[in-house]
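# Structural characterization, general
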Amino acid sequence: METLHLLFNAVTVIFIAATMFAAGLGTTVAALRSVFTNIPLLVLALLANLVVVPLLGWGIGMLFGLPAAAFIALVLAASSPGGPFGAKLAMVQGGDVVAGAAMQVLLATIGSLTFAPTANGILSASGVGQGVSLDIAALVGTVALLQLLPFAVGLLLRHCATPTARAWHPPATTVSNVTFLIVLAGMLLGNWHDVLALLGSLALLAGFVLAAAAFAAGTLLTTGPPVRRTTMGGIAAVRNAGPALAAIGIAFSGQPAILGALAAVLLSGLAAALPIAAVLNSRRNRPPTTRRAR
């Protein structure tokens, strides 16, 4: 089991790095600049991911009357923006990958700083759980190593060696796609007993509803054409498991009930976000004549 766990972690690292590297290879400096100088886009994305989604997690948890472990897991997930699956969702839906990847890295970095106080505030106000204390430097370093660095290397190649970047982009995307499927299968197989244990509760439904509501909030609270709006929706729907797992290990002594609930929340969230992205992709790839006929 330990070997399989290490193998899964290695594949997850490859997936995150390959996804961000492929996103960087497909990005230009000018396109990236247009994202980071778009102040309304930045402000609305930060509002959606750092304020609205955590409040949605709190409200959904209270509305569904979740038990303590599931409520804590939902709040931890909702308080942690910038999940690496966000860039993959942008690719799956045929969205604005440049804006999606840039916003994901930004949110993951800022989220490393805001996660603990946000989760603390909600758990304290709701009277559930305890103080969340994390190594902020370690979280920021992880984001920089696994997300920012591969993205920056891909962007540098695209800027300095465009033919090479274009040649490497398809295989990098293939690696991202293959490892994405492996990670999904690993999450399902590795946590199936936790998910089954929660089938009689509302934790799975809460995770599903949170992701769907976050997708809607991220889409509405942004600027630009529909492709960019739905990309921001996908970024909001997918939360960052890293800080949440660290919090469970440090602040909650790795309680199995909270770990199982977090796995269920994350998996049900993907179950909500992936079909939305697939439907958007099918609509965007539909021939123009077919769209007019409808």
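Predicted model, so just to flag it, every value in this text is computed and none were measured.

Our next topic: the environment of Ile 258. If you trace the backbone, Ile 258 turns up in helix H13 (residues 256-284). Residue classification places Ile 258 among the buried positions, given a relative accessible area of 1%.

Within the secondary structure layout, Ser 126 lies in helix H6 (residues 97-126). Within the structure, the side chain of Ser 126 is placed 2.9 Å from the backbone oxygen of Ile 122, a separation counted as a polar contact. With sequence-adjacent residues up to four places away left out, Ser 126 is seen in contact with Trp 58, Met 62 and Phe 71.

It is worth spelling out the nonpolar core at this point. Formed by 33 residues in total, the largest nonpolar core has its most connected members in Leu 66, Ile 72, Leu 74, Leu 76, Phe 252 and Leu 262. Listing elements by their share of this core, those giving two or more residues are helix H3 (39-63), helix H4 (68-78), H6, helix H10 (203-220), helix H12 (241-251) and H13. Here this core gets nine residues from one element, more than from any other, and that element is H4. Beyond its immediate stretch of four places on either side in the chain, Leu 74 contacts Gly 57, Ile 60, Gly 61, Leu 66, Ala 206, Gly 207, Leu 210 and Val 265. Within the second largest apolar cluster, 19 residues are counted, among which are Ala 87, Ala 101, Phe 151 and Ile 235.

Relative to the helices and strands, Ala 185 is located in helix H8 (residues 162-190). Between the C-alpha atom of Ala 185 and that of Phe 8, which follows or precedes it by 177 residues, the distance is 9.9 Å.

Turning our attention to the packing of H4 against H13. Running from amino to carboxyl end, H4 crosses H13 at an angle of 50°, the nearest separation of the two axes being 8 Å. The angle between the axes of H4 and H13 places the two elements in the oblique class. The handedness of the crossing between H4 and H13 is right-handed. Contact with H4, carried on its side by Ala 69, Ala 70, Ile 72, Ala 73, Leu 74 and Ala 77, involves Ala 257, Ile 258, Ala 261, Leu 262, Val 265 and Leu 266 of H13 and no other residues of that element.

According to the stated counting rule, one finds two aromatic pairs in the structure shown. An angle of 40° between the planes, with centres 5.1 Å apart, marks the rings of Phe 15 and Phe 85 as tilted. Here Phe 85 lies in helix H5 (residues 85-92) and Phe 15 lies in helix H1 (residues 2-25), a separation of 70 residues in the sequence. Measuring from ring centre to ring centre gives 6.5 Å for Phe 21 and Trp 168, while their planes differ by 50°; the resulting arrangement is tilted. With Phe 21 in helix H1 and Trp 168 in helix H8, the pair connects residues that are 147 residues apart, well separated along the chain. Owing to a relative accessible area of 43%, Trp 168 belongs among the partly exposed residues under this scheme.

Reading the values: the criteria
Residues numbered from 1 in each chain as written. Predicted model: local features only at pLDDT ≥ 70, side-chain atom pairs only at ≥ 80, totals over all residues. Heavy atoms only, no water. Helix = DSSP H or I, 4+ residues; strand = E, 2+ residues; numbered from the N terminus. Buried < 20%, exposed > 50% of the residue type's maximum accessible area, 1.4 Å probe, protein only. Polar contact = N/O pair within 3.5 Å; in protein donor to acceptor, adjacent residues only side chain to side chain. Contact = heavy atoms within 4.5 Å. Core = buried A, V, L, I, M, F, W, Y, C linked by side-chain atoms within 4.5 Å. Axes fitted to C-alpha atoms, helices over the stretch in contact; angles between N-to-C directions. Parallel < 35°, antiparallel > 145°, perpendicular 65-115°, else oblique. Left-handed = near helix turned anticlockwise from the far one by under 90°. Phe/Tyr/Trp six-rings, centres within 6.5 Å; stacked < 30°, edge-to-face > 60°.

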